[in-house]
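The primary structure of each chain is shown beneath.
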Amino acid sequence: MTNGKAEKNNKKTLGLVVLLFVLVIGLGTGIFGKYIYDNYGENAFAAKNFYFTSDLLKVEGAEYRLSSNASSVTFTVGNNADELRFSDDTINYSVTTTGGTLSSAEGQLTGGVLSKQAITLSGLEKGQTYTVTVTGDTKNTSDADEIGYVIILKASFKISDDEKYIYTHVETDNLKSTYAVLTVWTGNIKGDVSIGYDGTDLIPDSTDVVLNDVHNYDGSRYGNIQVTDDNNFEDTYSSKSYRFFLDKTNNPDLLKSITEGAFVVTLNDGTTTYIASPGTI
């Protein structure tokens with residue numbers, strides 16, 4: 001009987017030692033930032049949700065080429081992986097650049113709700129390269145002992161000095177305001193064009209062979225769009241228009257936000273990714 005008790009106590013002790021070891025390793029390597037003690041599970045520890053993302057900047061870094069007349073580029077940072085998954089804690093972020101002027105050098109993304117912020121780098125010059133770094137963390141500066149999550153995102157933007165460019169333009173049927181047409185055209189480049197829309201209430205025109213495989217309806221609302229056109233830009237100096245219907249049920253003022261800046265359009269020629277700039281047809 002005594003041996004059975006001792007064996008049981010030894011197992012408990014071993015379990016606590018293993019749990020403590022895992023926590024120490026996690027804290028030491030920065031894998032786990034903070035923990036929530038779960039009284040309703042098996043007395044386990046669970047990491048809080050933490051996401052820090054951008055439409056253009058990446059953890060592994062990214063490189064982009066802009067058209068020669070581009071004077072600015074806008075990117076977003078967010079606390080979410082998608083429309084349903086976002087960070088539990090508020091994220092503090094700071095932005096640095098090797099040149100140009102930032103519209104904002106720091107800020108916060110509110111925790112517990114989906115939160116995004118657009119940042120513009122302006123004052124860009126032809127032929128120059130600008131590297132942007134954004135650091136996001138959940139550390140509370142008033143608590144010196146707190147261990148927070150940290151993610152660093154980076155991207156480099158080179159301004160072309162040649163005929164390699166990609167432009168976009170948005171037009172709407174102003175009379176009825178039922179749809180918007182995004183036109184993309186290129187200069188001396190060719191490859192696959194990707195179109196991203198990080199918003200809601202746009203319905204891709206399913207009669208378009210490029211858009212008919214986009215399924216962005218979740219049962220209650222139309223959401224983000226991500227589609228690649230690998231057919232229409234196989235030649236240089238090409239163009240293509242894409243139509244999106246406006247679902248104004250949830251947003252009567254939707255039309256006002258559907259501009260060139262609402263879309264992230266890029267072209268990859270196999271070696272370089274080019275970002276589209278707004279243009280005039």
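Placed above this text is the structure.
The model shown is predicted, which means the values in this text are computed figures rather than measured ones. For every chain, the first residue of the written sequence is number 1, and numbering continues from 1 onward in sequence order. Per-residue local features are limited, in this predicted model, to residues with pLDDT of at least 70; the limit for side-chain atom pairs, both in listing and counting, is 80 or more; totals at the level of whole chains, interfaces and linings are taken over all residues. Each side-chain value is derived from all of the structure's non-hydrogen atoms; neither hydrogens nor water enter the calculation.

Enquirer: What's the story with the side chain of asparagine 79 in this structure? I'm lost.
Expert: Helical segments are the DSSP runs of H or I of at least four residues, strand segments are the runs of E of at least two, and each set is numbered from the N terminus. If you trace the backbone, asparagine 79 turns up in the loop between β5 (72-78) and β6 (91-97). Relative accessibility thresholds used throughout: buried, under 20% of the residue-type maximum; exposed, over 50%; partly exposed, between the two (1.4 Å probe, protein chains only). On the basis of relative accessible area, asparagine 79 is assigned to the buried category, the value being 0%. Here a polar contact is recorded for every N or O atom pair within 3.5 Å, except that within protein the pair must consist of a potential hydrogen donor and a potential acceptor, and residues adjacent in sequence are included only if both atoms are side-chain atoms. Looking at asparagine 79, its side chain comes within polar contact range of the main-chain oxygen of valine 113, at 2.8 Å. If we ignore the near neighbours within four places in the chain, the residues touching asparagine 79 are Tyr51, Arg85, Phe86, Ser87, Ile91, Leu109, Thr110, Gly111, Val113, Leu114 and Ser115. When checking whether two residues touch, look at their non-hydrogen atoms; a contact exists if any pair is within 4.5 Å.

Enquirer: For this particular structure, what's the right way to read the pattern of salt bridges?
Expert: Two side chains carrying opposite charge are able to pair once their charged atoms lie near each other. The term salt bridge refers to a side-chain nitrogen of Lys or Arg lying within 4 Å of a carboxyl oxygen of Asp or Glu. The full count for this structure, using the stated rule, is seven salt bridges. Salt-bridge contacts for lysine 116 lead to glutamate 83; the nearest nitrogen and oxygen are separated by 3.9 Å. In this pair, lysine 116 sits in strand β9 (residues 116-122) while glutamate 83 sits in the loop between β5 and β6, placing the two residues 33 residues apart along the sequence. Residue class for glutamate 83 comes out partly exposed when judged on its relative accessible area of 33%. In this structure, aspartate 208 engages lysine 240 in a salt bridge whose closest nitrogen and oxygen atoms are separated by 2.7 Å. Taken together, the residues aspartate 208 in the loop between β15 (202-204) and β16 (225-229) and lysine 240 in strand β17 (residues 239-246) connect sequence positions 32 residues apart. For the pair formed by aspartate 208 and lysine 240, the shared burial category is buried. Each member of the salt-bridge network shares a partner with another, and the members are Glu83, Lys116 and Asp198.

Enquirer: Would you explain a negative patch on the surface in this entry?
Expert: Only residues whose relative accessible area exceeds 30% and that form no salt bridge are eligible for patches; like-charged ones are grouped when within 9 Å, while nonpolar side chains (Val, Leu, Ile, Met, Phe, Trp, Tyr) are grouped when within 5 Å. Calculation of accessible area relied on Shrake-Rupley with a 1.4 Å probe; when residues are assessed, cover is drawn exclusively from the protein chains displayed. In this tally Asp and Glu are treated as negative and Lys and Arg as positive; neither His nor the chain ends contributes. Note on charges: their place is set at NZ of Lys, CZ of Arg, CG of Asp or CD of Glu. Together, Asp192, Asp230, Glu234 and Asp235 make up a region of like negative charge exposed at the surface. Residue class for aspartate 235 comes out exposed when judged on its relative accessible area of 54%.

Enquirer: When you look at the sheet that holds β9 in this model, what are you seeing that I'm missing?
Expert: Two orientations exist for strands paired in a sheet by backbone hydrogen bonds: parallel and antiparallel. The strand order across the open sheet built from four strands is β3-β5-β9-β7, with neighbouring strands paired in antiparallel fashion. Each end of this open sheet is capped by a strand with a single partner; those strands are β3 (53-54) and β7 (101-102). For two strands to pair, DSSP has to find at least two bridges joining them. Pairing analysis gives two bridges linking β7 to β9, with the strands arranged antiparallel. Among the inter-strand pairings, leucine 102 is bridged to a residue of β9, identified as leucine 121.

Enquirer: I keep staring at the sheet that holds strand β20 (residues 277-278) and nothing clicks. Help me out?
Expert: Across the sheet, which stays open at both edges, the five strands sit in the order β15-β17-β13-β12-β20 with mixed pairing between neighbours. Whereas interior strands pair on both sides, the edge strands pair on one side only; in this sheet they are β15 and β20. As paired strands, β15 and β17 are joined by three bridges and run antiparallel to one another. If you follow proline 204 over to β17, its bridge partner there is phenylalanine 244.

Enquirer: Got a minute to help me understand the side chain of threonine 273 in this structure?
Expert: If you trace the backbone, threonine 273 turns up in strand β19 (residues 273-275). Assessed through its relative accessible area of 19%, threonine 273 is described here as buried. Here asparagine 268 takes part through its side chain, which lies 2.9 Å from a polar atom of the side chain of threonine 273.

Enquirer: I tried to follow the pairing of β5 on my own but got confused; where do I start?
Expert: Strand residues, when the strand is regular, have side chains that alternate between the two faces of the sheet. Strand direction decides the pairing type here: β3 and β5, joined by two bridges, are antiparallel. In the strand pairing of β5, threonine 53 is matched with glycine 78. In terms of strand pairing, β5 meets β9 through seven bridges, oriented antiparallel. Bridge assignment links valine 77 to a residue of β9, and that residue is glutamine 117.

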